[in-house]
Structures are given as structure tokens and as C-alpha cells.
Amino acid sequence: MVADTEQEAVVFDPFSADFYRDPHAFYPRLRAQAPVFYNAEYDFYALSRHADVAAGLKDFTTYSSAYGVDLGMVRTGQKAPAKMIISIDPPEHRVMRSLVNKVFTPRAISAWHDMVSDTVDRFLAAASAGPSFDVVSDFSVYFPVEVITQMLGVPEERRQQVRLWIDESLHREPGQIDISESGKQAMAEMWLMYYQLIQERREAPREDMISALIAAEVTRDDGAADRLRDSEIAGFATLLGGAGAETVTKLVGGAIATFARHPEQWQQLLDDRSLIPAAVDELLRYDAPVQYNVRRSTREVTLHGVTIPAGAPVFLLGASANRDPDAWTAPDTFDINRDRTEAQNLGFGYGIHSCLGAALARMEALIALDKLLDLMPRYDVQWESCRRVSMQNVAGYSHVPVRILA
Ligand code: HEM
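Each value, and the rule that gives it
Residues numbered from 1 in each chain as written. Predicted model: local features only at pLDDT ≥ 70, side-chain atom pairs only at ≥ 80, totals over all residues. Heavy atoms only, no water. UniProt positions renumbered as here; feature names shortened; annotations may be inferred. Helix = DSSP H or I, 4+ residues; strand = E, 2+ residues; numbered from the N terminus. Rg over C-alpha atoms; globule rule 2.2 N^0.38 Å. Buried < 20%, exposed > 50% of the residue type's maximum accessible area, 1.4 Å probe, protein only. Contact = heavy atoms within 4.5 Å. Areas by Shrake-Rupley, 256 points an atom, 1.4 Å probe, with all protein chains shown as cover. Donors = N, O, S within 2.8 Å, 3.2 Å for Na, K, Ca; no water. Phe/Tyr/Trp six-rings, centres within 6.5 Å; stacked < 30°, edge-to-face > 60°. Lys NZ or Arg CZ within 6 Å of the ring centre and 35° of its normal. Near = heavy atom within 4 Å. Polar contact = N/O pair within 3.5 Å; in protein donor to acceptor, adjacent residues only side chain to side chain. Nonpolar A, V, L, I, M, F, W, Y, C, P; charged D, E, K, R; others polar. Pairing = 2+ DSSP bridges. Axes fitted to C-alpha atoms, helices over the stretch in contact; angles between N-to-C directions. Parallel < 35°, antiparallel > 145°, perpendicular 65-115°, else oblique. Salt bridge = Lys/Arg side-chain N within 4 Å of Asp/Glu carboxyl O.

The name given to the protein in an unreviewed UniProt entry is Steroid C26-monooxygenase, and the organism recorded there is Mycolicibacterium poriferae. Checking UniProt for the protein, the heading Cofactor (unreviewed entry) contains the comment "heme". In the Pathway (unreviewed entry) part of its UniProt record, the protein is described as follows: "Steroid metabolism; cholesterol degradation."

Draft legend 1. Quick peek at the overall build of the protein. What the protein contains, in helices and strands, is 18 helices and 14 strands. For 406 residues, the compact-globule estimate of 2.2 N^0.38 gives 22 Å, and the protein sits close to it at 21 Å. By principal-axis analysis of the C-alpha atoms, the protein measures approximately 55 × 55 × 40 Å. When each of the 406 residues of the protein is scored for burial, the buried share is 55%. Of the contacts formed within the protein by residues at least 6 apart in sequence, a portion of 69% connects residues at least 24 apart. Accessible surface computed for the protein: about 17200 Å², of which carbon and sulfur atoms make up 51%.

Draft legend 2. Here's a closer look at the environment of Ala216. Mapped onto the elements of the fold, Ala216 is located in the loop between α13 (209-215) and β5 (217-219). For Ala216, a relative accessible area of 6% corresponds to the buried category. Along the primary structure Ala216 and Arg227 are separated by eleven residues, whereas in three dimensions their C-alpha atoms are 6.3 Å apart.

Draft legend 3. Representation of the coordination of the iron atom of the ligand within the structure. A lone protein donor binds the iron atom of the ligand: Cys355 (SG), at 2.3 Å. Relative to the elements of secondary structure, Cys355 occurs in the loop between α17 (318-321) and α18 (358-375).

Draft legend 4. Examining the packing of aromatic side chains more closely. For the structure shown, the criterion picks out 21 aromatic pairs. Here Phe12 and Phe19 contribute two aromatic rings whose centre-to-centre distance is 5.6 Å and whose plane-to-plane angle is 75°, an arrangement assigned as edge-to-face. On the basis of relative accessibility, which here comes to 3%, the residue Phe19 falls in the buried class. Taken together, the ring pairs connect Phe12, Phe15, Phe19, Tyr20, Phe26, Tyr27, Phe37, Tyr42, Phe44, Tyr292 and Phe315 into an aromatic cluster. For the cation-ring pair, Lys58 lies above Tyr350, with the distance from its terminal atom to the ring centre recorded as 5.1 Å. Positioned over the ring face of Tyr67 is Arg296, at 4.4 Å from the centre of the ring.

Draft legend 5. Looking closely at the site of the ligand. Surveying the vicinity of the ligand reveals 28 residues, the closest of which are His93, Arg97, Arg295, His353 and Cys355. In the model, an oxygen atom of the ligand is placed 2.8 Å from a nitrogen or oxygen of the Arg295 side chain. At the level of secondary structure, the elements contributing two or more residues to the shell around the ligand comprise α6 (92-101), α14 (230-261), β7 (293-297) and α18. If one sorts the elements of the shell around the ligand by residue count, α14 sits on top with six residues. Of the residues assigned to the shell around the ligand, the class counts are 18 nonpolar, eight polar and two charged.

Draft legend 6. View of the sheet that holds strand β1 (residues 36-39). Within the open sheet, the five strands sit side by side as β1-β2-β10-β7-β3. Their pairing is mixed. The outermost strands of the open sheet, each flanked by one partner alone, are β1 and β3 (63-64). In this sheet, strand β10 (residues 313-316) lies alongside strand β2 (residues 44-47) in parallel orientation, the contact comprising three bridges. Within the sheet, the bridge partner assigned to Leu47 lies in β10 and is Leu316. Sheet strands touched by helix α4 (residues 50-58): β2, β3, β7 and β10. Its angle to β10, the strand with the most contacts, is close to 120°.

Draft legend 7. Here's a closer look at the packing of helix α15 (residues 263-271) against α18. Put simply, α15 and α18 touch, their axes get as near as 10 Å, and they point 100° apart. By the angle between their axes, α15 is roughly perpendicular relative to α18. Across the interface between the two elements, Trp266, Leu269 and Leu270 of α15 pack against Leu369, Leu372 and Leu373 of α18. Its residues assigned to classes, the contact of α15 with α18 shows six nonpolar, no polar and no charged.

Draft legend 8. The pattern of salt bridges, seen in detail. Counted under the stated rule, the structure contains 20 salt bridges. Asp230 is paired through a salt bridge with Arg202; the nearest N and O atoms lie 2.6 Å apart. A residue pair is termed long-range when its members are at least 10 positions apart, and Asp230 in helix α14 and Arg202 in helix α12 (residues 181-203) qualify at 28 residues. Looking at Arg202, the relative accessible area reads 40%, which means it is partly exposed. Its salt-bridge partner being Asp374, residue Arg273 comes within 3.0 Å of it at the nearest N-O pair.

Draft legend 9. Spotlight on the pairing of β1. Alternating residues of β1 divide into Val36 and Tyr38 and Phe37 and Asn39, and every residue in both groups is buried. Two elements, β1 and β2, share four bridges in a ladder whose sense is antiparallel. If you follow Tyr38 over to β2, its bridge partner there is Tyr45. Where β1 folds back on β2, the antiparallel hairpin that results is connected by four residues, among which Asp43 adopts a positive phi of roughly 60°.

Right under this line is the structure:
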């Protein structure tokens, strides 16, 4: 490990209250002065430049996912206990990805369009009975988890419980890195619920994702047929709840805050709804719900004069990369009309682990924004009452109260 004086002056603590409040305040100095940052307190490295993060995400042999993707897990140096797709490396990853791809094809996802639209309608109507409501705590926390659990086949009365379990498992007090005991308990209860559901669907399959995952089959490189085990399906379902719910919640909350600061671009969407997909891309770049994923180095790597030893946790800061001036023109400007081909948007990750649910996430965000445009063509945000979450990996608002204007 090498740390020059300039680098020591740069501060980056992803578990601090300051970071949760405004992660983007830290990235410019990281990129400029400490592109391979070493945090001595927690003993991790962080890559923040677009070129390095993108290369790191592609290079799964050097930066392994098999030890987990958050610091609490990676720093144990133990392989992740549950075989979840996000925390396995090739060749196992290839087999599992082709199995679960079968239920996430664009065609399979578009078949859920009306369900998503109805779910968004239902929760938006309940939230917006009056002229003021909270876009996150009254609306965007509810619908994404309802969507993914409906797809999986979770009975209605358990769907919002899944959200509470996920919140418990991801929440971190400032300075806390490892999952709490109550978080572990929540994960175990969620896993068990899915495991029992799988047993029921084996007996009597239905038109849901759990039944499809039970039936999915791939041919391995050696020609043998492979299916998912019950424990793998339970792990996958547990992951989908977290990956698919928290992120969309944050995207929609962040969108309303961002557009309140850029009302002229909200007006552009009102005038031309075909711009919404570009707006979703720009939100993923400018205000990425996933700030980073952590990897474990499998060998010594020297980059920008700093040597990362083998076996070190390495943060790949996608959210910083998405604001790198070497990759994007005026990166700190929110612009739904920007040239999207200028660089790879890392909001959904990149490489083999890139977001499996990207098509679903886009569909959910598109539908939610379309309906919010109808509901509140003009609005203002009560900034003093906005609150942000303190969670690992994801960032964003827990509260965005708005008033609909006449
Ligand atoms: C705006 C919403 C979303 C964002 C910003 C997002 C972002 C990401 C990112 C950055 C990764 C890469 C993780 C890594 O490299 O370690 C990822 C992976 C993943 N996402 Fe998403 N995601 C979103 C929504 C969803 C949804 C709706 C689902 C499914 C219901 C989903 C399922 C997954 C899964 C299963 C993986 C792991 C894929 C693999 O390891 O092969 N995500 N996502």
C-alpha cells in the first residue's frame, strides 16, 4: 500500500452521516487527487474514475464478487454463504445468469406492463388524496416491492412485509458496517418465507416467477442439464426484493427532487412524453441509486502509482464514474437531452453482473414518471422536510414532501 501526503488529505468515509447526506460532495477530490483511494480506518480501496470503474467492473478475474458486494461481507474474506447471483463468479455465474435470464427477457417483462401500471395507479391514488403528499414515504416505497413480489407470487398480505425485512437488513447507523442481528433475522425470515413458497409451487405450479424458476433448465458447457436448487431460488428471490425495490424507490424520489430544481425539464416531459426514457437514463447517471459495489482483489494490482494488495476490498464507485469530467461533458449538469453515447452509463452496473432487472426498472420508472406528470404538472418540494436514507450501497431520499400547485 502506498499513500502520499496529498492522498492522505482526501476524505472518503462511505459510512459517515456526511456521505449519506451528499455522496457527490466527496467524488471530485477522489477522482482528481486519489483515484486509488485507501481508507486506513476501514482498510479498503476505492476506484472513482470512469475508466477505472468500468474496467474494474469488466475484469471479474481481478475483482471478484464471490465474497459479497458490500464491505461488511467482503472484509471477512469468506466466500458469500448464500449462492446469490450477485455474489458468484464465472463459471457458476454464467450458468445461473442463463437460468434466471429466462424469466427476465424483455418479452417476459413487457407481459407485466399492465400489472405494473395498475399497481402504480393504486398506490398513487392512495397517496395523493390531498394537494400535499410525500412522494417517497407515501408512494415510491410501496409500489416497487409490490411489483416484484407479485411477479414472484408472494401472497398479498406478505408483500409489504418483504419491504420491512429489506429495510431492516440494509439499514446502517453512521459508522456501522456490518449487518445488525435484527437485519440477519429479517433476512432469515424472508428466505424461509420464499423457501416455503417454493415447496407450495412445486406441488401446484402457477403463472408466477417462482414456478418459472422451478421449471427453468439450462445446458452446461459439459452438456449436462442444470436446474436451480430450492435454496438457490430462495436466495435469488431474497436478492430480487432488495435489488428491485430499494433502487426504484430511490430513483423515483430522486427524480422528483431533481426535477423540482429543473422545472423547465419537467415542462419538456409534459410537452413530450417520448423524452421520459432519456430522462430515466439521465437520472441513473446524475443521481444513481446505487453508489458503489464492492469487490475483492484476487491479485496485486498497481494503478496510478498505488499498489492494491491481493485480498483487499475495492469499492467501484459507479456513481462517481457517472460524474467524471473525463467521460462526460458538464457532468454535474442535469440534462435530459445530453448525448447519451458519450460514455457508458454505469447506473445499472457494467459487465457480467450488470443489472438483470434493468428492463423492469426502466418500465417501472417510466410508468411512475408518466403518472406523476399527469398528477402534478406543477409542484414544489418542502426541502426542509426532505430526509435521506443511511444505507450501504444505495443512496437517496426517504422523504420528499411535495405540494401540487394549481
Ligand atoms: C433503478 C433501479 C435499479 C438500479 C439503479 C439497479 C442497479 C444495479 C447495479 C448497479 C447492479 C450491479 C451490481 C454489481 O455489479 O455488483 C445490479 C445488479 C442486479 N440487479 Fe439491479 N438495479 C435496479 C433495479 C433492479 C430491479 C427492478 C431488479 C429485479 C427485480 C434488479 C435485479 C438485479 C440483479 C438480480 C442483479 C445482479 C445481476 C448479476 O449479478 O448477474 N435490479 N443492479
